[in-house]
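# Fold and contact review
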Amino acid sequence: MSGESATRITPGNALRPEDIAQQVTEGNKASEDVADYALRLGDDALILAQRLGWWISRAPELEEDVALGNIALDQIGHARSFLTYAGSAWGKSEDDLAYWRGESEFRSSYLVEQPNGDFGRTIARQLVIAAYQHELYSRLVDSQDETLAAIAAKAVKEVDYHRDHAEQWTVRLGDGTEESHRRIAAGFTSVWPYVQQLFEDDDLIDRLDGIAVRPSELRASFDAYIAAVFAEATLEVPDVQPAMTDKTRVKHSEHLGYLLAEMQVLAREHPGATW
Amino acid sequence: MATQTDAGDQKLHAVPSAEDEAGQAYFDKIIAEDSRIEPADWMPEKYRKTLTRQMSQHAHSEIIGMQPEANWITRAPSLKRKAILMAKVQDEAGHGLYLYSATETLGTPRHVLNEQLMSGKAKYSSIFNYPANNWADMGAIGWLVDGAAIANQVPLCRASYGPYGRAMVRICKEESFHQRQGFEILLELANGTPAQKQMAQDAVNRFYAPALMMFGPTDTDSPNSQQSMAWNIKRFSNDELRSRFVGMIQEQVKVLGLTLPDDEIRYNEETGMWEHGELNWDEFYEVLAGRGPCNAQRMERRREAHENGAWVREAAAAYAAKKAQKAQVA
């Protein structure tokens, strides 16, 4: 490769999962702790992509088939990068991790595991996850771990668009018709118990000082952002209790098992095959 | 100017106005020069109708064609394949949008075209009424179905109607990427485990004949073809394109190490055409009439998506109206 692309804004911009796999073969291995952290980020992106992929050919408008498909595609790209890097600690590929781990080995959050529901519920989940990921990645670009920083540098620009998409729909649905207001409000009520988990610190985060982003530090800016969007959307923060989840992310919602059964079925019918 | 589309062309054309005569002369000149008709130009009503039908059918095919592939997004066997498949189905939504926009330049709005699809009045390519049963179908659809589509569509890049021809240039570029990824899926499977190879052969067996039928009925049974060729919309006959396609895939299948389910493929030195075994045209017309394995399922899914999305579209419209009103007050 020669020459700089005119559209290349940051060095991380062009980073592809294949580039990370190449770096891994050249000896760039994540430590166990960094790998565990990368799994959390990668699994959130993967499970979200799996959920969003369902919408393609089922969205309210063709433009939304394209938009939700695009967001799913970005998320699967982030997942592939994080999982490839995580796998370097254990000699595993992105597909080993995606297709051959059991439920309790996943590190996804309850929020991304939640079913799509109607478009309102999907958008509610999108606003929360995109706002969280945006706060997260815009800090992770300063991580002492260069690979995590590089993945975040690419991801943050894409997530910025995801957040904008969810925000525009939240405002339109909130301030649209009576029915849309009721549905988007119900969507936020159903996902809100799983918001708190995203912002919980644990021992792993303590051990990765300077490398991982401390989730609890993201909460204030997340809340401020949500408050501003809700004000415009004529919505209120749902008055619901946080659900008892798991800050270490070993435990999962009941939904994950079904999702994995579908996602992994074909790969597991053919052990050792390549595709 | 003649009244557009809807009703009784013949009556309307009984007494051509001076404007119509001048328009017809200009149109004939453009066609004779093999140049392009643009949306604002005068055109015969039948030309407008033929194009509206063909272009909207093409758009509907892109949209319905998303379904058999979207069916496998959640089960794609590797993350890379999942990403490629998502991108491909997303491209198809884009093609549909692009073609609806091009069709709108002929005077029929998108919501009307959509209603025609959902009421069953408008058709889409019958191939999408066959099920995608195994992963290798993602390969066979790319290689054979998109391959046949490209063979049909490359000549359409020179179609006399400007917006259609230009839309096809872009669509063909993406379709050729789709075909390559389909071929690559099959190549990987054909060189994989015995079970994978069997999966690939099974997919090719099922999609071969329906893909050949995508070129439409034989020339002797294709009543609209001649007029379309005279108007420079269509450049080659159905049988010519089909023959060319058979010649191409019978070479490519050797690279895959698979076979085509047809013992009668041969090159006819005299006609310079590739020949193939008899196709089951009764089945073609059955599927076209709505009795294929997936017709009902595909239509139900499209209607469901549209109906479930009604409240979202209403909300967007209501919000836009509120904003416009506020802007007016301010």
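Along every chain, residues carry numbers that run from 1 in the direction the sequence is written. Whichever chain is written first becomes A and whichever ligand is written first becomes 1, with later ones labelled in order. With the structure being a predicted model, the display of local features is reserved for residues of pLDDT at least 70 and the display and counting of side-chain atom pairs for 80 or more, all residues being used for whole-chain, interface and lining totals. Heavy atoms from the whole structure form the basis of all side-chain values; hydrogens and water molecules are not counted.

## Let's talk about the overall build of chain A
The condition that has to hold: Per the convention used, a helix needs a DSSP run of H or I reaching at least four residues, while a strand needs a run of E reaching at least two, with both numbered from the N terminus. Both definitions apply: the radius of gyration is a C-alpha atom measure, and the globule rule equals 2.2 Å times residues to the power 0.38. Under the scheme applied here, a residue whose accessible area is under 20% of the maximum for its type counts as buried, over 50% as exposed, and between as partly exposed, the area being computed with a 1.4 Å probe on protein chains only. Residues are treated as being in contact if the distance between any of their heavy atoms lies within 4.5 Å. A 1.4 Å probe and the Shrake-Rupley method give the accessible areas. Residues count as covered only by the protein chains that appear here. The charged-residue count follows a simple rule in which Lys and Arg add positive charge and Asp and Glu add negative charge, with His and chain termini not counted at all. Taken as the charge centre is NZ of Lys, CZ of Arg, CG of Asp or CD of Glu, depending on the residue.
Looking only at helices and strands, one finds eleven helices and zero strands in chain A. Along chain A, helices and strands appear, N-terminal first, in the series α-α-α-α-α-α-α-α-α-α-α. Expected size for 275 residues packed as a compact globule is a radius of gyration near 19 Å; at 18 Å, chain A falls within 12% of this value. Within the span of chain A, comprising 275 residues, buried residues form 56% of the whole. Put simply, 81% of the contacts in chain A that link residues at least 6 apart link residues at least 24 apart. About 11,200 Å² of surface is accessible on chain A, with carbon and sulfur atoms providing 49% of the total. Of the side chains in chain A, 26 bear a positive and 47 a negative charge, and the two mean positions are spaced by 3 Å.

## Description of unusual backbone geometry
Backbone phi values are negative for most residues with the exception of glycine, while trans is the configuration of most peptide bonds. All names here are of chain A. Within the chain, Ser-57 stands out as a residue other than glycine whose phi angle is a positive 90°. On the secondary structure map, Ser-57 appears in the loop between helix 2 (32–53) and helix 3 (62–87). Look at Arg-249: it is not a glycine, yet its phi comes out positive at around 65°. Within the secondary structure, Arg-249 is located in the loop between helix 10 (219–233) and helix 11 (255–269).

## Quick notes on helix 6 (residues 119–140) of chain A
Residue and element names in this part refer to chain A. In plain terms, the rule: By this rule, a helix spans an expected 1.5 Å times one less than how many residues it contains. What qualifies as a polar contact is a pair of N or O atoms within 3.5 Å, subject to a donor-acceptor requirement within protein and to the restriction that residues adjacent in sequence count only when both atoms come from side chains.
Between its terminal C-alpha atoms helix 6 stretches 30 Å, which fits the 32 Å expected from 22 residues at 1.5 Å a residue. Burial analysis of helix 6 places 19 of its 22 residues in the buried class, which makes it a mostly covered element. Two or three places before Gly-120, at the opening of helix 6, Asp-118 has a side-chain oxygen 3.1 Å from that residue's backbone nitrogen.

Take it as geometry only, folks, not as evidence of what the structure does.
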